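Chain and residue survey
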Amino acid sequence: SIQINQRLTNHFFFFFNNFKNIFTLGKQLVTFHSNISLNKTPQSIIINPGQFPDFLNNGNAYEQTNQSVENKVFFTNNALSFTKALKKFSINQRVGFLYENENLDSQIFTNLILVDDVEFQNKFNWNKAKIYSQTQVQYKNESWRFDVNLPINYYNFAWNNFQDYKENKNRFVFEPRISISNEITSFWKISTTYNRSYQFGDVNQLYNGYILTGYRNIQRFNSVFPEMINDGLSFGINYRNPVKSWFGSFFYTYSILQNNILYGISINQFGASELQTFRIDNERKNHNLNFKLSKYISEIKSTFTLNSSFSKSTFFQLVNNNLNEISNNNSVFELKINSEVTDKFEVELKSNVVFSKNKIQETENKLITNQLHSFNLNFYPKENHYLALKSEFLINNSFTTNVKSDFLDFLYRYTWKKKNIDFEFQLNNIFNTESYTTIAVSDFSYTETNFQLRQRQVFFKMRFSL
């Protein structure tokens, strides 16, 4: 019920260079890749009235919170690779070296006075080096295909904050990926894949001084080095019948993510949250089902496509010092119809419905439904002329009622081909819809966001090539 004003200034500088050279080494063709990048992102945020007074101002209300953050990143990745064919085998070898240096500086001010405590400042330096060898072997024999990836990686991580805390980690990891597929018939194909991957922490998971990520969130980490192992197993079936224009696929994936840290969230009475990490081993289990079916009907020049996906994740998280088992469930259904009624008239229809629900311990929360239905008409009355009507209808069920939004846009474009110029007229938000509401389900919370929209607008555009 309190009006909070937030203003973010987000500058960005990015330089990069991609280099590739192919040369011969004896009779072997070798490729050299080199990528170099440098980016800098100075940011500042101003929030009125001051937030998190218990943390930042000894429990006293104050007028304004300021924060400055500067992030600099240098990155380079260099590798040599070659491919060798031996009868039914194909071997690709790649060896390389990767290096990354990142510096993060941050400060927080209350009423323009620096919070002079290292808990609310960062001067973080991060270095990551990686030496890697990636061997890929492929074997084909009639309907069978085997792919084996055998990457071996050596990592060195070094970081410090204010020079008084220094840490160094070395890791040697093997991340295999094995895939087998078989074309049972000319229409049917089955495949299965197993892979193991390692994920390690970075600056965004290691800084131990508080940083505001918005007016409602403040977070820090306690320098526990995040290490995750992800084991995944998938199985899939594909169907392709070009003669009858039927196409379909089904995939199931199961993965276990083993994590050495557990995230803890503290939420105050105003909905603001503090994030910290704890050295507690835990795991996250994920199930995913994906289904797709499409059919082209030549008599009406139309393609019908049905997509659906189902996912479930179970894991543990600390919320207000209570250890909770959390289960998230999401289901997505999508129908698309593309129809070329005539050479001058096309129809596009798309309906998307998302069901989201989470369960904390034994408490099941409300099912959230988000719907998006779009209907577009495209006209080509004459050469160089294009007209379109684009509509969207959205329904989001909030905690008390269903929120509906209607949108309709009109577009006309004339192309002057001789001069390669487009003239375009747009009339947007014809229904003059004033607001739009979204409902999002996170690991442990539901968030309703209301946007105030611009009124009906008219645009005139001209596009040309030099």
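Residues numbered from 1 in each chain as written. Predicted model: local features only at pLDDT ≥ 70, side-chain atom pairs only at ≥ 80, totals over all residues. Heavy atoms only, no water.

Considerations on the overall build of the chain
For the chain, the helix and strand inventory stands at one helix and 29 strands. Once the C-alpha set of the chain is aligned to its principal axes, its extents read approximately 75 × 70 × 60 Å. Counting all 466 residues of the chain, 35% fall into the buried class. Sequence separation of 24 or more characterises 56% of the internal contacts of the chain that already satisfy a separation of 6 or more. (Helix = DSSP H or I, 4+ residues; strand = E, 2+ residues; numbered from the N terminus. Buried < 20%, exposed > 50% of the residue type's maximum accessible area, 1.4 Å probe, protein only. Contact = heavy atoms within 4.5 Å.)

Thoughts on the side chain of Glu 334
With respect to the element layout, Glu 334 can be found in strand E20 (residues 322-342). Since its relative accessible area comes to 15%, Glu 334 is described here as buried. Residues within four places of Glu 334 in sequence aside, it is in contact with Thr 305, Leu 306, Asn 307, Lys 350, Ser 351 and Asn 352.

Considerations on the nonpolar core
Core analysis: the largest hydrophobic core is formed by 17 residues, its most contacted members being Leu 104, Phe 124, Trp 126, Phe 157, Trp 159 and Phe 225. Where this core is concerned, the elements lending two or more residues are strand E7 (121-141) and strand E8 (144-161). Broken down by element, this core gets its largest block of residues, three residues, from E8. In this view, Phe 124 contacts Glu 102, Asn 103, Leu 104, Asp 105, Trp 159, Asn 160, Asn 161, Val 203, Leu 206 and Tyr 207; residues no more than four positions away in its chain are not counted. Leu 56, Ile 108, Phe 120 and Ile 218 belong to the second largest nonpolar core, which has eleven residues in total. (Core = buried A, V, L, I, M, F, W, Y, C linked by side-chain atoms within 4.5 Å.)

Looking at the environment of Phe 250
Topologically, Phe 250 is positioned in strand E15 (residues 246-259). Of the residues examined, Phe 250 reaches a relative accessible area of 31% and is grouped as partly exposed. Setting aside its immediate chain neighbours within four residues, Phe 250 contacts Phe 235, Gly 236, Ile 237, Leu 289 and Asn 290.

Topic: the packing of aromatic side chains
Counted under the stated rule, the structure contains 29 aromatic pairs. Measuring from ring centre to ring centre gives 6.4 Å for Tyr 198 and Phe 200, while their planes differ by 15°; the resulting arrangement is stacked. Each residue in the set Trp 126, Tyr 155, Phe 157, Trp 159, Tyr 198, Phe 200 and Phe 225 is aromatic and connected to the rest through ring pairs, giving one cluster. Just above the ring of Tyr 132 sits the side chain of Lys 130; from NZ or CZ to the centre is 5.2 Å. One Lys or Arg, Lys 461, reaches over the ring of Phe 459 and ends 5.8 Å from the middle of that ring. (Phe/Tyr/Trp six-rings, centres within 6.5 Å; stacked < 30°, edge-to-face > 60°. Lys NZ or Arg CZ within 6 Å of the ring centre and 35° of its normal.)

Comments concerning the side chain of Asn 307
As for its position among the elements, Asn 307 is in strand E19 (residues 302-319). A relative accessible area of 17% means that Asn 307 is categorised as buried. Ignoring any residue separated from it by four or fewer positions in sequence, one finds Asn 307 in contact with Phe 291, Lys 292, Val 332, Phe 333, Glu 334 and Lys 336.

Side note on the pattern of salt bridges
Pairing between side chains of opposite charge can happen when the charged atoms of each approach one another. Scanning the model with the defined rule gives 14 salt bridges in all. Salt-bridge contacts for Glu 119 lead to Arg 220; the nearest nitrogen and oxygen are separated by 3.6 Å. Of this pair, Glu 119 sits in the loop between strand E6 (113-114) and E7 while Arg 220 sits in the loop between strand E13 (217-219) and strand E14 (227-241); the two residues are 101 residues apart in sequence, bridging distant segments of the chain. Judged by relative accessible area, Arg 220 falls into the buried class, the value being 17%. The closest approach of N and O atoms between Lys 169 and Glu 167, which form a salt bridge, is 4.0 Å. Beyond isolated ion pairs, a larger network of salt bridges with shared partners links Arg 413, Asp 422, Glu 424 and Arg 463. (Salt bridge = Lys/Arg side-chain N within 4 Å of Asp/Glu carboxyl O.)

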